[in-house]
Amino acid sequence: MTSQITTECPADPNEPVIELNGITKTYQMGSVEVRALDGVSTVFQKGDFWAIMGPSGSGKSTMLNVLGCLDRPTTGTYILDGRDVSNMNDDQLSLIRLRRVGFIFQSFNLIPQLTVQRNIELPLYYLDWSVKESRKRARELADMVGLGDRLNHRPTELSGGQRQRVAVARALANDPAVILADEPTGNLDTPTGKQIMALLEDLNTQGKTIVMVTHESHVAAYAGKHLHMLDGKISATEDHS
Amino acid sequence: MRYSKAVRNILLGMDNLRLHKLRSLLTMMGIVFGVGSVIAMLSVGEGASREALDQIKKLGSNIIIITSVKPSDDNANDMRRTRMSIYGLLYHDAKRLRETFDTVIRTVPVKLIRKDARVNVRHLEVRLVGTTPDWFSLVRRPLVAGRVLSEQDMKKRKAVAVLTEHGARKLLAVESSLGKPVRIAGDYFEVVGIIRNENIQSGSLSTPDQDADAYVPINVARERFGDMFVKRTSGSYVRELVELHQIIAEVDASENVEKTADGIAEMLKRSHMHDDYRISVPLALLREVERTKRTFNIVLGSIACISLLVGGIGIMNIMLASVTERTKEIGIRRAIGARQKQIVGQFLIETIVLSTAGGLIGICLGLLIPWLITFFAGMPTVVTAWSIVLSLVISVGVGIVFGIYPAFRAAQMDPIIALRHE
Ligand SMILES: Nc1ncnc2c1ncn2[C@@H]1O[C@H](COP(=O)(O)OP(=O)(O)O)[C@@H](O)[C@H]1O
Ligand SMILES: [Mg+2]
């Protein structure tokens, strides 16, 4: 599955996309304080493919939400693509998500009432693209993930693997600086999961920066770099690339 | 550019509403019936009051009508058999009225006598109206044929008569009858004109003219028939002496009408021993009709507000349910990068589209109902442009007011929690 759409320049190993510095995230549960992230500092370079691993409750999803600007860290600084986003307000964070982040979720998170085409177009709608341009782009992206013939189907008419591919196409629509995937194969059977991972691997080869949460080692094997979490802290990092 | 964006958002809103056709339709119903009934009710009110106003305008609005009435006096009752009753307005009153009040431009004295009229073999009881040419400038009616009474007729005491169209037709008097004689109570009058009449009688209103009137110069009437009348009441004859049955006074400006009427009442009270006259002021009736209409509109307005409020609450209820149901969608949109105000816009546009569509359907209903009322019940209805504009403005307003809260609820959800929602 090759694409003519990737626009990022080839990976430059010395350019950081994500810089985390002493990030904490605490939740107040009644009288108990839960530290979902407890002093996380790390750097992800442009073109990296990271797998964040760890047991359930170790803070992987929280980490990904912070990375994706869906959540604000309690303390610490976060620089995304050269911009300090740690103290941005809701509108500014929304714009960062709109322009620089592409999300892929475990449960696909497509809007069931909208066709494949409209789902892929959604970021472009908020980016104020013209109807014509977004239609063209959606078609290209659908072709790229192999769903060019399903543009007018609704998500409910698609298999899990097809849905996740639509989600990948949607995540690519805004040409993001980083793609964040939270257990993208968690709801898929093994062969379908492999196809999705192949797709992500392909994107990475073309220069996309990807950060993926998973607890399965065979899924993590697609990523060049591994980051292990435990109790909200980074316990280890490995570089297999 | 902004325009096309707005159109696109409205179309998207419509798309979303189309997904739940039945629900959208039911949600609109409150507004549909609210707006429909507002327009319909206002049209009935407007129809009724416009009819009343039309009638009053036919009476003439700058006039005061003083009518002689037989006093209901017990003493007079006893004497009825032995004496004749003398009451009513005097020739003198008309003159004094004109002299006393600057605001009175002219007065028209009226003598009314019921007589049998005869043309060839046909006969009909007519109301002989002895009056002056001024009558025709106060009670303006289109002339069907010939001419009205003139000063010449008065001066020369000509025995001429102007008939009303209705009476003339019954007497088979047509255009060719002009110049021919009509015999009224044994006297011959030359028919010089035929005039249209407006005979309205509803409630306290009655026009000065009636169906079968014969207008003759007042001096001729007095000469021929005198001031004495014999009336037959339950078998016995009653003799009455009445100089004038009516005085119609024309006032220079409408703002002076009521003041002048008060003055006239004051004056007549001093000079008349008995309460033997009634003053009626069409303008006062007009004001009263307008007051009634205003009250009516306020009542209708309140009912309308309540029904639209109910409709609005219905919309809010559904939109809140819709927001909850679409929590996940909101989370997805927020994750993709939609700002809060864009979520607010999305939901607000949906409610406004819904309520505006309801308003438009309601307007159709509001046009149909009055038509049906007029068709089946024969009631006059008038749908005014402002009631349509008002309803539309209100229904859009209802959409905004009741859509704001659900829209903000949607926008303020935490995107992470919204995404987790199943
Ligand atoms: N919204 C929240 N409120 C309270 N506690 C939370 C919330 N989100 C996550 N947590 C807690 O933070 C910790 C890390 O959660 P999470 O990041 O979802 O872990 P993982 O994805 O690795 O399973 C858990 O103990 C979890 O209970
Ligand atoms: Mg998780």
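Residues numbered from 1 in each chain as written. Chains lettered and ligands numbered in written order. Predicted model: local features only at pLDDT ≥ 70, side-chain atom pairs only at ≥ 80, totals over all residues. Heavy atoms only, no water.

Visitor: Just checking my understanding: could you explain the overall build of chain A for this structure?
Guide: From N to C terminus, chain A includes seven helices and ten strands. Taking 2.2 N^0.38 as the reference for a compact globule, 241 residues should give roughly 18 Å; the C-alpha atoms of chain A span a radius of gyration of 17 Å, in line with that estimate. Expressed along its principal axes, the backbone C-alpha trace of chain A runs to roughly 50 × 40 × 40 Å. Burial analysis of chain A (241 residues in total) assigns 54% to the buried set. (Helix = DSSP H or I, 4+ residues; strand = E, 2+ residues; numbered from the N terminus. Rg over C-alpha atoms; globule rule 2.2 N^0.38 Å. Buried < 20%, exposed > 50% of the residue type's maximum accessible area, 1.4 Å probe, protein only.)

Visitor: Even after reading the chapter, I still don't get the pattern of salt bridges, so can you show me in this structure?
Guide: All names here are of chain B. Overall, the coordinates contain 28 salt bridges over all chains when judged by the stated rule. One salt bridge connects arginine 127 with aspartate 213, and the closest N-O pair in it is separated by 2.8 Å. Of this pair, arginine 127 sits in strand 4 (residues 122-131) while aspartate 213 sits in strand 11 (residues 213-217), and the two are 86 residues apart along the sequence. Residue arginine 127 shares its accessibility class with aspartate 213, and that shared class is buried. Between arginine 333 and glutamate 329 there is a salt bridge whose closest N-O contact spans 2.9 Å. One end of the pair, arginine 333, and the other, glutamate 329, are both in helix 11 (residues 327-336), four residues apart, so they sit about a helical turn from each other. By relative accessible area, arginine 333 is classed as buried at 7%. One salt-bridge network, held together by shared partners, links Arg326, Glu329, Arg333 and Glu350. (Salt bridge = Lys/Arg side-chain N within 4 Å of Asp/Glu carboxyl O.)

Visitor: How should I be thinking about empty space enclosed by the protein in this particular structure?
Guide: Rolling a probe over the atoms, with the probe sized like a water molecule, indicates the empty space that remains. Residue and element names in this part refer to chain B. According to the stated counting rule, one finds five cavities of 30 Å³ or more in the structure shown. The space that makes up the largest cavity amounts to roughly 80 Å³. Along the walls of the largest cavity sit Asn16, Leu17, His20, Arg23, Ser24, Thr27, Ile318, Met319, Ser322, Arg326, Glu350 and Leu354, which together make up its complete lining. Among the secondary structure elements, those contributing two or more residues to the lining of the largest cavity are helix 1 (2-19), helix 2 (21-59), helix 10 (282-325) and helix 12 (340-377). For the lining of the largest cavity, a count of residues per class yields four nonpolar, five polar and three charged. Counted as a void, the second largest cavity has a volume near 70 Å³. (1 Å grid on protein atoms, 1.4 Å probe; cavity = no way out; pocket = protein on both sides within 12 Å on 5 of 7 lines; lining within 4 Å. Points joined across faces, edges and corners; volume = space filled by probe spheres on them. Nonpolar A, V, L, I, M, F, W, Y, C, P; charged D, E, K, R; others polar.)

Visitor: Quick question: what am I supposed to make of the pairing of strand 8 (residues 187-195) of chain B here?
Guide: Put simply, side chains in a regular strand alternate between the two faces of the sheet. Residue and element names in this part refer to chain B. When strand 5 (residues 143-146) meets strand 8, the two strands line up antiparallel, connected through three bridges. Residue pairing across strands places alanine 145 opposite isoleucine 194, the latter belonging to strand 8. Looking at chain direction, strand 6 (residues 160-164) and strand 8 are connected through five bridges and run parallel. Bridging from a neighbouring strand, leucine 163 pairs with isoleucine 194 of strand 8. Alignment of strand 7 (residues 181-184) against strand 8, held across four bridges, turns out to be antiparallel. Opposite arginine 183, over in strand 8, you have tyrosine 188 as the bridge partner. What sits between strand 7 and strand 8 in their antiparallel hairpin is a turn of two residues, with alanine 185 showing a positive phi close to 50°. (Pairing = 2+ DSSP bridges.)

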